[in-house]
Amino acid sequence: MVTEREAARAAEKLINYGIEKELLGKYDWVAARNKLLARLNLAEPFSREFVPSDSQDSLRDILAQLLDYAWEQGLLSKNTITRRDLFDTELMGILMPRQSEVARRFWQTAEEESIVRATEEFYQLAQNSNYIRRDRISRNSYWRTATDYGELEITINLAKPEKDPEEIAEAGRKEDSSYPRCPLCLENLGYPGRLDHPARQNLRVIPLELQEEDWFLQYSPYVYYQEHCIVLARGHRPMQINKATFQRLLEFLEIFPHYFIGSNADLPLVGGSILSHDHFQGGNHVFPMEKAAIMEKFQHPDFPGVQAGLVNWPLSVIRLSSADRDDIIELAEQLRLCWEKYSDPAREIKAFNRDKGSEERHNTVTPIARFKNGRYELDLVLRNNRRSQDHPAGIFHPHQHLHHIKKENIGLIEVMGLAILPGRLKQELDELQKFLTGERDPDQDLQEFSAAQEQEIDLEQHREWLGNLLASYGQQNSPGAADRILKQEVGEKFTQVLCDAGVFKGDSRGREGFQEFMLTAGMKERS
């Protein structure tokens with residue numbers, strides 16, 4: 001039970017946190033404290049004279065105490081993760097500087113110091129405001145796996161909280177809301193949230209102009225890598241990859257040369273989770289694909305200043321490099337247009353599906369841009385979203401035998417070699433490890449084991465894989481060895497996932513097909 005006095009003390013600690021992290025400027029604490037008191041139904045502060053002091057309590061502990069008090073006082077209708085998140089975001093929003101002030105400070109720092117310093121400070125703000133919940137991000141599992149394509153990165157996503165089934169049902173009974181239209185719309189700024197849409201009172205964005213349009217930079221709340229940012233269009237319009245996309249990507253690099261920037265593909269299955277709002281993703285991270293070597297060099301006679309090559313990667317990647325921004329954009333657009341219409345039926349590649357007068361497009365690209373050593377670098381990853389009777393989830397999508405590890409879309413981040421695996425895998429791998437150490441009997445019925453768990457842990461889907469693991473490694477492994485085995489094997493599975501997504505496979509037949517496309521696009525081999 002949190003007393004009123006203890007709650008007032010916790011509110012004071014939160015104000016001190018805001019001052020310490022420079023969320024609150026001089027005398028901002030006065031209004032912020034009064035707003036906190038009002039929201040918590042507290043009659044007066046802990047002490048009439050406010051004395052700034054360093055608190056040894058973590059933000060998580062301070063908010064937890066205030067949330068417990070809110071629940072006990074009836075300020076929360078239910079004590080669930082979702083409702084607690086909505087409430088603590090509202091509290092953090094009270095500490096936040098105004099949107100215009102954040103933008104002003106960002107561009108001032110960029111001008112007076114550097115754009116690198118400006119992004120570092122803005123990234124810190126996103127963390128200090130609890131928009132990026134560091135305590136949850138720290139739960140994610142992460143490791144690297146050595147493969148034939150270099151070290152791949154693997155993460156099991158545990159940062160997104162599980163939804164309460166009752167809240168899911170309650171949200172379903174409420175009338176659908178079309179505001180904000182999607183999680184990427186600018187109207188999320190300051191939005192109080194609801195059961196099926198997160199609160200965003202602690203969200204701030206940086207306005208910028210790309211191709212004479214208003215765009216905005218913000219950080220992802222789930223940060224899968226350092227300074228994981230989202231760059232979103234002002235208007236709510238569908239994703240579309242075209243010449244303007246390449247122009248915007250390279251213009252972004254002129255402003256943020258220390259970041260990479262890329263776009264998910266603009267078609268279902270091979271695109272991201274939000275196709276309804278035009279946006280990019282970027283950040284300050286070197287992905288495995290960027291380190292991959294060129295295995296074959298090409299050049300276009302009309303663009304002698306642009307170096308081109310096929311990347312040694314599971315997916316089909318064309319890398320362009322040039323100091324001339326216009327030339328690299330023009331060549332990228334020629335390649336994209338050629339690929340959009342390109343078919344190779346012998347390799348399951350068909351550009352269009354024509355049925356009853358309608359035409360469905362299947363080919364697109366996932367573009368990723370960087371600025372390195374005075375040159376623009378633009379990777380075009382060839383994508384195709386066809387389905388077939390043998391592969392109903394997608395011909396160039398993780399195939400059925402890999403779905404026990406990964407069945408979701410292979411988007412921009414995974415294309416570059418960072419696996420984002422579902423949270424369920426953490427517990428499933430923990431249980432599978434027990435079979436490799438001999439703690440569990442492999443003859444036990446996995447289906448019965450799964451059904452017996454209080455939380456649904458489906459080990460049955462791993463039956464064939466576990467059999468292969470036991471045949472290869474036995475049951476006398478130490479816990480540490482079993483953990484290393486599983487991580488390596490998951491990494492190998494992710495490699496297979498990426499290979500499935502490649503339109504031209506890595507064998508001789510696939511490489512010949514890739515060469516044929518390059519020649520069709522007007523490219524010439526070079527030594």
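Criteria and cut-off values
Residues numbered from 1 in each chain as written. Predicted model: local features only at pLDDT ≥ 70, side-chain atom pairs only at ≥ 80, totals over all residues. Heavy atoms only, no water. Disulfide = S-S within 2.5 Å. Buried < 20%, exposed > 50% of the residue type's maximum accessible area, 1.4 Å probe, protein only. Helix = DSSP H or I, 4+ residues; strand = E, 2+ residues; numbered from the N terminus. Expected span 1.5 Å × (residues − 1). Polar contact = N/O pair within 3.5 Å; in protein donor to acceptor, adjacent residues only side chain to side chain. Pairing = 2+ DSSP bridges. Axes fitted to C-alpha atoms, helices over the stretch in contact; angles between N-to-C directions. Contact = heavy atoms within 4.5 Å. Salt bridge = Lys/Arg side-chain N within 4 Å of Asp/Glu carboxyl O. Phe/Tyr/Trp six-rings, centres within 6.5 Å; stacked < 30°, edge-to-face > 60°. Core = buried A, V, L, I, M, F, W, Y, C linked by side-chain atoms within 4.5 Å. Arc of directions from axis to C-beta.

A.B. asks: How should I be thinking about the state of the cysteines in this particular structure?
C.D. replies: In a disulfide, the sulfur atoms of two cysteines are covalently bonded to one another. Considering all chains together, one arrives at zero disulfides under this definition. Here C182 is not disulfide-linked; the sulfur of C185 is the nearest cysteine sulfur, at 3.8 Å. Residue class for C182 comes out buried when judged on its relative accessible area of 5%. Given a relative accessible area of 6%, C185 falls into the buried group.

A.B. asks: What is the right way to read helix α11 (residues 325-340) from this model?
C.D. replies: Side chains of residues three or four places apart in an α-helix project in the same direction, reflecting 3.6 residues per turn. Between the first and last C-alpha of α11 there are 22 Å, a value that for 16 residues agrees with the 22 Å anticipated at 1.5 Å per step. Residues R325, I328, I329, L331, A332, E333, L335, R336, C338, W339 and E340 constitute the buried set of α11. The backbone nitrogen of D326 has a side-chain oxygen 3.0 Å away, supplied by the residue at the start of α11, namely D324.

A.B. asks: Is there a simple way to explain the sheet that holds strand β16 (residues 524-526) in this structure?
C.D. replies: Pairing between sheet strands relies on hydrogen bonds along the backbone, with the strands arranged either parallel or antiparallel. Overall, antiparallel pairing links the eleven strands, which are arranged β3-β4-β5-β7-β6-β13-β14-β10-β9-β8-β16 in an open sheet. Edge strands, defined here as strands with exactly one partner in the open sheet, are β3 (206-210) and β16. Taken over all neighbouring pairs, the strand axes of this sheet differ in orientation by 30° on average, direction set aside. Note that strand β8 (residues 294-300) and β16 share three bridges and pair antiparallel. Across the sheet, F298 pairs through a bridge with E525, a residue of β16. Packing against the sheet, helix α9 (residues 243-255) makes contact with β3, β4 (213-219), β5 (229-233), β6 (260-262), β7 (279-283), β13 (363-372) and β14 (375-384), and its axis sits at approximately 20° to β13. Against the sheet, helix α17 (residues 508-520) contacts β8, β9 (303-311), β10 (317-322) and β14, and its axis sits at roughly 45° relative to β10.

A.B. asks: So what exactly am I meant to see when it comes to the pattern of salt bridges here?
C.D. replies: Summed over all chains, the structure comprises 41 salt bridges. The salt bridge partner of R237 is E213, with a shortest N-O separation of 2.9 Å. Pair noted here: R237 is in the loop between β5 and α9 and E213 is in strand β4, with a separation of 24 residues, a long-range link. Because the salt bridges share partners, they merge into one network encompassing E290, R319, R370, K372, E377 and D379.

A.B. asks: Explanation requested: the packing of aromatic side chains in the structure shown.
C.D. replies: In this description, an aromatic ring pair is defined by two values, namely the gap between the centres and the angle between the planes. Per the counting criterion, the structure on display carries 20 aromatic pairs. Centroid distance F106 to F256: 6.4 Å. Interplanar angle 40°. Geometry classified as tilted. With a gap of 150 residues between them, F106 in helix α5 (residues 99-112) and F256 in the loop between α9 and β6 connect regions that are remote in the sequence. Comparing F106 with F256, the two get one shared label, buried.

A.B. asks: Any chance you could explain the nonpolar core here in plain terms?
C.D. replies: Considering soluble globular proteins, one finds that nonpolar side chains tend to be buried as a cluster. With 105 residues, the main nonpolar core has L14, L217, F252, L320 and F517 as its most contacted residues. Counting 46 residues, the second largest nonpolar core, distinct from the first, contains V311, V415, L421 and L459.

A.B. asks: Help me understand the environment of W215, please; the structure alone is not making it clear to me.
C.D. replies: Tracing the backbone through its elements, the reader meets W215 in strand β4. As a C-alpha pair, W215 and T80 span 135 residues in sequence and 35 Å in three-dimensional space. What W215 contacts, discounting residues up to four positions off in sequence, is I206, P207, L208, L210, V231, L232, A233, R237, R248, D278, H279 and F280. At a separation of 3.1 Å, a polar atom in the side chain of W215 contacts the side chain of E213.

A.B. asks: It is not clear to me how the environment of R84 should be interpreted in this structure. Could you clarify?
C.D. replies: When you line up the elements, R84 lands in helix α4 (residues 81-95). Given a relative accessible area of 17%, R84 falls into the buried group. The sequence separation of R84 and L66 amounts to 18 residues, and the corresponding C-alpha distance is 9.9 Å.

A.B. asks: What should I look at first to understand the side chain of N128 in this one?
C.D. replies: Topologically, N128 is positioned in helix α6 (residues 115-128). For N128, the contacting residues outside a window of four places in its chain are Y17, K21, L23, L59, M92 and R134.

A.B. asks: When you look at helix α15 (residues 463-473) in this model, what are you seeing that I'm missing?
C.D. replies: Among all positions in α15, only W465, L466, L469 and L470 are buried. Along the axis of α15, the buried positions cluster into a sector of 135°, meaning they face one direction only. Residues of α15 that are exposed and point more than 90 degrees away from the buried face comprise E464, A471 and S472. Backbone geometry just downstream of α15 places G474 in the positive-phi region, at approximately 70°.

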